[in-house]
Amino acid sequence: MSGEIGWLNSLPPDQAEAELLTCCASHVWAQKVAAHRPYVDSMSLMAAAVAGVRELSWPDIAEALSAHPRIGDRAKAGTHEREAKWSAGEQSGTASADQQTLDDIAAGNLAYEQRFGHVFLIRAAGRSADQIRAELRRRLANTAEGERIATQRELADITRLRIRKLLEDR
């Protein structure tokens, strides 16, 4: 068993779920991933985490979305400190954006929420504000079903990234 995963494998179920909820805020997902321990290595955990997101129902995805701030906003009050730090780092590409780009993203966020009924979710890590704005504009043209698929894909990418960070923090 890999040392980087041993600590998670050894936690009681409720503590493992709490740790995993900082990676994806769906309780169904966290329970399922925690229940399949022990993982032999980080890659098997990562595979289970991504597969778990892909298997979520829309209400479970909506629960996970509720923990994500709008692009350009800070994490919501009550968010786990680790998750808030990760979110800020993931959105760092917007830090150097000009005001017009930030205004466009803010307006796009509102239009997106009115159209689809939930926060615009994108793996912001490694993307510039201009890239985020372009993707937001592109996805506003999606059908509701197409956007649910895109959102679930982005949630899986974010979860993969955060699982990696969770293991690195140990």
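Please refer to the structure higher up on the page.
It should be emphasised that the depicted structure is a prediction, and the values quoted were computed from it without experimental measurement.

**Here we look at the overall build of the protein chain**
Each helix and strand in the protein chain was counted, giving nine helices and zero strands. Listed by position from the N terminus, the elements making up the protein chain come as α-α-α-α-α-α-α-α-α. Counting all 170 residues of the protein chain, 47% fall into the buried class. Within the protein chain, contacts between residues at least 6 apart in sequence are counted, and of these 73% link residues at least 24 apart. Of the accessible surface of the protein chain, which amounts to about 8,500 Å², a share of 52% is contributed by carbon and sulfur atoms.

**Topic: the pattern of salt bridges**
Using the criterion set out here, one finds nine salt bridges in the structure. Here glutamate 113 ties to arginine 70 by a salt bridge, and the two come within 2.7 Å at their closest N and O atoms. Here glutamate 113 is found in helix α7 (residues 99–116), whereas its partner arginine 70 is found in the loop between α5 (58–65) and α6 (81–90), with 43 residues between them in sequence. With relative accessibility at 31%, the residue arginine 70 sits in the partly exposed group. The closest approach of N and O atoms between aspartate 104 and arginine 133, which form a salt bridge, is 2.9 Å. On the criterion of sequence distance, the pair formed by aspartate 104 in helix α7 and arginine 133 in helix α8 (residues 129–139) is long-range, its members being 29 residues apart. Through salt bridges with shared partners, a single ionic network connects Asp104, Asp130, Arg133 and Arg137.

**A few points about the packing of helix α4 (residues 42–54) against helix α9 (residues 144–168)**
Following both chains from N to C, one finds α4 and α9 inclined at 155°, their axes separated by 9 Å at the closest point. With respect to their mutual orientation, α4 and α9 come out roughly antiparallel. The crossing of α4 and α9 is right-handed. Across from Ser42, Leu45, Met46, Ala49, Val50, Val53 and Arg54 in α4, the residues of α9 making contact are Gln152, Leu155, Ala156, Thr159, Arg160, Ile163, Arg164 and Leu167. Its residues assigned to classes, the contact of α4 with α9 comprises nine nonpolar, three polar and three charged.

**Remarks on the packing of α7 against α8**
A pair of packed helices is captured by two measures, namely the crossing angle of their axes and the spacing between those axes. Where α7 meets α8, the closest approach of the two axes is 10 Å, and the angle between their N-to-C directions is 30°. Classified by the angle their axes make, α7 and α8 are roughly parallel. Considering how the two elements wind past one another, α7 and α8 form a crossing that is left-handed. From α7, Gln100, Thr101, Asp104, Ile105, Gly108, Asn109, Tyr112 and Phe116 reach across to α8, where they touch Ala129, Asp130, Ile132, Arg133, Leu136, Arg137 and Arg139.

**A short note on the side chain of arginine 37**
Relative to the helices and strands, arginine 37 resides in the loop between α3 (27–35) and α4. One buried charged residue, arginine 37, forms no salt bridge at all, with the nearest opposite charge on glutamate 17 at 7.0 Å. Setting aside residues no more than four positions away along its own chain, arginine 37 makes contact with Leu8, Asn9, Ser10, Leu11, Pro12, Pro13 and Ala16.

Thresholds applied
- Residues numbered from 1 in each chain as written.
- Predicted model: local features only at pLDDT ≥ 70, side-chain atom pairs only at ≥ 80, totals over all residues.
- Heavy atoms only, no water.
- Helix = DSSP H or I, 4+ residues; strand = E, 2+ residues; numbered from the N terminus.
- Buried < 20%, exposed > 50% of the residue type's maximum accessible area, 1.4 Å probe, protein only.
- Contact = heavy atoms within 4.5 Å.
- Areas by Shrake-Rupley, 256 points an atom, 1.4 Å probe, with all protein chains shown as cover.
- Salt bridge = Lys/Arg side-chain N within 4 Å of Asp/Glu carboxyl O.
- Axes fitted to C-alpha atoms, helices over the stretch in contact; angles between N-to-C directions.
- Parallel < 35°, antiparallel > 145°, perpendicular 65-115°, else oblique.
- Left-handed = near helix turned anticlockwise from the far one by under 90°.
- Nonpolar A, V, L, I, M, F, W, Y, C, P; charged D, E, K, R; others polar.
- Lys, Arg positive; Asp, Glu negative; His and termini not counted.

In short, the description is geometric, and any link to function would need to be established separately.
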